[in-house]
Amino acid sequence: MSQKYLMKGNEALAEAAIRAHCRHFFGYPITPQTEVAAYMAKRMPKIGGTYLQAESEVAAINMVLGAASAGARAMTSSSSPGISLKTEGISYIAASDLPALIINVMRGGPGLGGIQPSQSDYWQATRAPGHGDAQLLVYAPSSVQEMVDLVIRAFETGEKYRCPAMLLADGMLGQMMEPVSFPDEIALPASKPWALTGTGEKRRPNIINSLYLTPSQLEEIVRKRFERYELIKQNEVLWDSYRLEDAEYMVVAYGATARICKAAVEIAREMGVKAGLFRPVTLWPYPTSQLAECAKKVSRILCVEMSMGQMVDDVRLAVNGTCPVSFYGRTGGIVPTPEEIAQQITALAAAKA
Amino acid sequence: MLQLNEQLIRPVVVVTGHYGSGKTSFALSLAERLAGMGKKPSLVDLDIVNPYFRSYDYRERLKEQGIQVEGPVYAGMNLDIPALPAHIDGMIETAGEDHPVILDVGGDDAGAAALGRYHPILERLAETKRLAMVCTVSFLRPLTAKPDLAVQALESIQSAARLKCTGLVNATNLAGLTDPQMVLHSMAQIDETAEKMHLPVVATVMTPDVWQQMTRDEQQKVPFGFTLTRRVMLPWENGDL
């Protein structure tokens with residue numbers, strides 16, 4: 001690691017993508033992720049890359065589809081309502097087995113919602129990132145440094161499995177500033193023999209497509225894709241924990257909320273309640289077995305989100321009834337305080353006693 | 001108490017700079033410092049770009065110290081509408097040495113565009129040296145990491161503001177990781193930038209602990225050292241806010 005800089009989350013996402021050899025950014029501005037596009041607009045022309053502000057989110061994601069088909073490391077970035085517009089294109093990218101990076105810096109919803117931080121697109125990211133049987137790799141950073149690290153990882157893993165990846169952040173992470181550094185060297189993308197780069201009359205044409213004329217052919221393709229999803233589930237799960245070793249109460253949270261929960265764990269411990277934190281870093285694949293294993297050692301679980309309760313579904317599926325799971329959430333752009341979460345943890349302890 | 005440059009006690013102080021370079025922290029601290037000197041300062045949050053982490057968020061605390069805070073009509077709300085209240089004009093117009101006005105402007109040229117709205121008054125105040133327009137610079141921000149990059153950023157701000165900068169504020173920092181060597185290393189860079197722009201350096205910002213970690217010799221190398229307590233905190237940090 002080299003020189004440290006003080007960076008906004010959104011800028012760090014953009015700079016990390018550039019360092020990871022991405023030279024094609026297609027976007028459309030929306031608060032609170034506009035700095036990603038603004039940074040790209042300043043930097044890309046200086047390094048021979050493409051920054052293109054499309055006429056809409058729909059256009060931008062389809063430009064990503066085109067660039068990715070030609071083998072380029074391509075990306076787009078938006079915030080909640082903009083991601084909804086992109087979902088058709090995301091489904092086409094997944095169906096075409098193309099790697100690409102989609103950044104979602106979440107804000108309050110549904111609808112036009114608001115511009116303050118939120119985590120209420122969890123279901124969209126992990127369950128229905130567009131129509132059809134498809135998944136995205138979903139990475140959930142909780143610091144500006146992790147935003148850098150996971151952008152690089154998202155590109156590399158996406159290309160390894162020919163699968164689109166989403167970096168799911170929230171407005172707080174996008175707007176806050178922290179010191180970051182970048183790896184000295186990031187490997188160049190591996191060659192993509194499937195890319196549409198012209199045959200040079202030396203090979204048969206490659207075809208990138210998401211339309212199949214017979215149902216049996218489509219089923220076969222989808223089944224093969226799901227075999228790859230199984231490999232992803234085996235190999236690509238990431239998670240982190242904090243003070244779980246002796247914890248009786250486990251808080252589960254991701255993204256900026258996990259940072260707040262970490263502070264809440266400290267407050268609860270000062271009040272004599274042994275709390276710990278489980279933090280999924282990949283939301284798909286979800287750290288299901290790892291969470292189930294940790295759940296064996298605690299008596300209660302509290303899932304905290306900036307939503308009405310979405311990831312809590314995955315927590316309950318993982319735990320499968322072996323441990324009571326409760327939920328605490330704030331929504332609409334309200335960021336919970338460490339104190340209010342600590343109160344929830346101590347209330348669980350009091351209820352058990 | 002460290003000496004304040006003459007520019008920072010003018011009736012109107014406009015704080016501009018690259019986004020994330022420390023404008024809001026500096027503007028908040030300057031307001032507190034002036035209040036501590038017995039003045040009745042007002043702080044105007046003119047940021048029409050940044051949705052979060054803005055000086056308007058700190059208005060309750062500042063009010064307790066006798067500092068009036070004004071901001072865009074929809075600041076902190078869910079509307080992205082950069083509307084500014086009409087009485088800001090009057091505040092600028094009637095600013096004086098005992099009731100100075102600090103304008104905390106949005107980042108970059110995009111943020112500085114808001115100053116265009118006040119151009120006739122600001123230009124008049126600048127002509128009689130009743131206004132200072134300072135630009136914060138941090139060399140630990142990637143897009144202004146070198147003097148020539150900082151000059152480019154400052155020139156685009158001046159052009160959007162239609163107003164010339166009068167001084168530079170060296171705000172080089174890495175948040176909690178800032179150490180005396182980082183600040184001392186930045187002195188040569190800010191001096192080079194100042195020379196290229198023909199501007200004085202009116203303050204070098206750091207937290208009190210960084211200042212105290214410097215030897216007396218090192219402190220001599222930092223004219224107009226300006227200590228401030230970090231005010232812009234994250235929800236999980238133990239701020240005093």
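About the thresholds
Residues numbered from 1 in each chain as written. Chains lettered and ligands numbered in written order. Predicted model: local features only at pLDDT ≥ 70, side-chain atom pairs only at ≥ 80, totals over all residues. Heavy atoms only, no water. Pairing = 2+ DSSP bridges. Helix = DSSP H or I, 4+ residues; strand = E, 2+ residues; numbered from the N terminus. Axes fitted to C-alpha atoms, helices over the stretch in contact; angles between N-to-C directions. Contact = heavy atoms within 4.5 Å. Core = buried A, V, L, I, M, F, W, Y, C linked by side-chain atoms within 4.5 Å. Buried < 20%, exposed > 50% of the residue type's maximum accessible area, 1.4 Å probe, protein only. Domains from an automatic or database assignment. Buried area = accessible area lost by both parts, 1.4 Å probe. Salt bridge = Lys/Arg side-chain N within 4 Å of Asp/Glu carboxyl O. Polar contact = N/O pair within 3.5 Å; in protein donor to acceptor, adjacent residues only side chain to side chain. Nonpolar A, V, L, I, M, F, W, Y, C, P; charged D, E, K, R; others polar. Right-handed = clockwise from strand over helix to strand, strands pointing away.

K.L.:
Before we go on, may I ask you to explain the sheet that holds strand 3 (residues 50-53) of chain A in this structure?
P.N.:
What links the strands of a sheet is backbone hydrogen bonding, and the strands pair in either a parallel or an antiparallel sense. All names here are of chain A. Spatial strand order, 3-2-4-5-7-6-12: seven strands in an open sheet with mixed pairing. What marks the edges here is a single partner per strand, and that holds for strand 3 and strand 12 (282-284). Averaged over all neighbouring strand pairs, the angle between strand axes comes to 20 degrees, with direction disregarded. With two bridges joining them, strand 2 (residues 24-27) and strand 4 (residues 74-78) adopt parallel strand pairing. Note on strand 4: the bridge partner recorded for histidine 24 is alanine 74. Together, strand 2, strand 3, strand 4 and strand 5 (101-106) form the strand contacts of helix 3 (residues 57-69), whose direction differs from that of strand 4 by roughly 160 degrees.

K.L.:
Even after reading the chapter, I still don't get the sheet that holds strand 4 (residues 101-105) of chain B, so can you show me in this structure?
P.N.:
Residue and element names in this part refer to chain B. Strand order in the open sheet made by the eight strands is 3-2-4-1-5-6-7-8, with parallel pairing throughout. The open sheet is flanked by strand 3 (68-70) and strand 8 (225-227), the only strands paired with a single partner. The average undirected angle you get between the axes of adjacent strands in this sheet is 25 degrees. Pairing of strand 5 (residues 131-137) with strand 6 (residues 167-170) involves four bridges; the strand directions are parallel. Of the residues in strand 6, the one forming a bridge with cysteine 135 is leucine 168. Strands in contact with helix 1 (residues 23-36) are strand 1 (12-17), strand 2 (42-46), strand 4, strand 5, strand 6, strand 7 (201-206) and strand 8; relative to strand 4, the strand with the most contacts, it is inclined by about 170 degrees.

K.L.:
I keep staring at the nonpolar core and nothing clicks. Help me out?
P.N.:
Nonpolar side chains in soluble globular proteins tend to end up buried together. Residue and element names in this part refer to chain A. Membership of the largest hydrophobic core comes to 128 residues, with the highest contact counts inside it found for Met250, Ile301, Val315 and Ile345. With nine residues, helix 6 (residues 144-161) is the single largest residue contributor to this core. Residues from two domains meet in this core; each of domain 1 (5-191 + 222-235) and domain 2 (240-352) gives at least three. In this view, isoleucine 345 contacts Tyr249, Val251, Ala264, Val265, Ala268, Val273, Ala275 and Leu302; residues no more than four positions away in its chain are not counted.

K.L.:
Honestly, the side chain of A:Asp97 in this entry has me stumped. Any pointers?
P.N.:
All names here are of chain A. Examined against the element boundaries, aspartate 97 turns out to sit in the loop between helix 4 (80-95) and strand 5. Aspartate 97 gets classed as buried once you look at its relative accessible area, which sits at 16%. Aspartate 97 has contacts with Arg162, Arg225 and Arg228, leaving out every residue within four places of it along the chain.

K.L.:
Sorry if this is basic, but what is going on with the interface of chain B and chain A here?
P.N.:
Contact with chain B, which involves 26 residues of that partner, is made by 33 residues of chain A. Summing both partners gives a buried area of about 2,600 Å² for chain B against chain A, and 64% of it is carried by carbon and sulfur. Contact with chain A buries surface across chain B, with B:Tyr52, B:Asn78 and B:Trp236 losing the most and accounting together for 28% of the total. A salt bridge links A:Glu11 to B:Arg141, with the nearest nitrogen and oxygen atoms 2.6 Å apart. For the pair chain B and chain A, the number of links is seven residue pairs in polar contact (both at pLDDT 80 or more). For the side of chain B that touches chain A, the per-class residue count stands at 16 nonpolar, seven polar and three charged.

K.L.:
I tried to follow the pairing of strand 5 of chain B on my own but got confused; where do I start?
P.N.:
Sheet faces and side chains relate simply in a regular strand, where the side chains alternate between the two faces. All names here are of chain B. With seven of seven residues buried, strand 5 lies mostly within the body of the structure. Residues Leu131, Met133, Cys135 and Val137 of strand 5 are buried on one face, and the alternating residues Ala132, Val134 and Thr136, pointing to the opposite face, are buried as well. Direction of pairing for strand 1 relative to strand 5: parallel, over a ladder of six bridges. Each residue of the ladder has a partner; that of valine 13, found in strand 5, is alanine 132. Viewed along the sheet, the connection from strand 5 through helix 6 (residues 147-161) into strand 6 turns out right-handed.

K.L.:
Just to check I follow, could you spell out the environment of B:Val15 for this structure?
P.N.:
Residue and element names in this part refer to chain B. Inspection of the secondary structure puts valine 15 in strand 1. Taking the C-alpha atoms as reference points, valine 15 and glycine 107, 92 residues apart in sequence, are found 9.7 Å from one another. When sequence neighbours within four positions are dropped, the list of residues in contact with valine 15 reads Lys23, Phe26, Ala27, Ile102, Leu103, Asp104, Val105, Val134 and Thr136.

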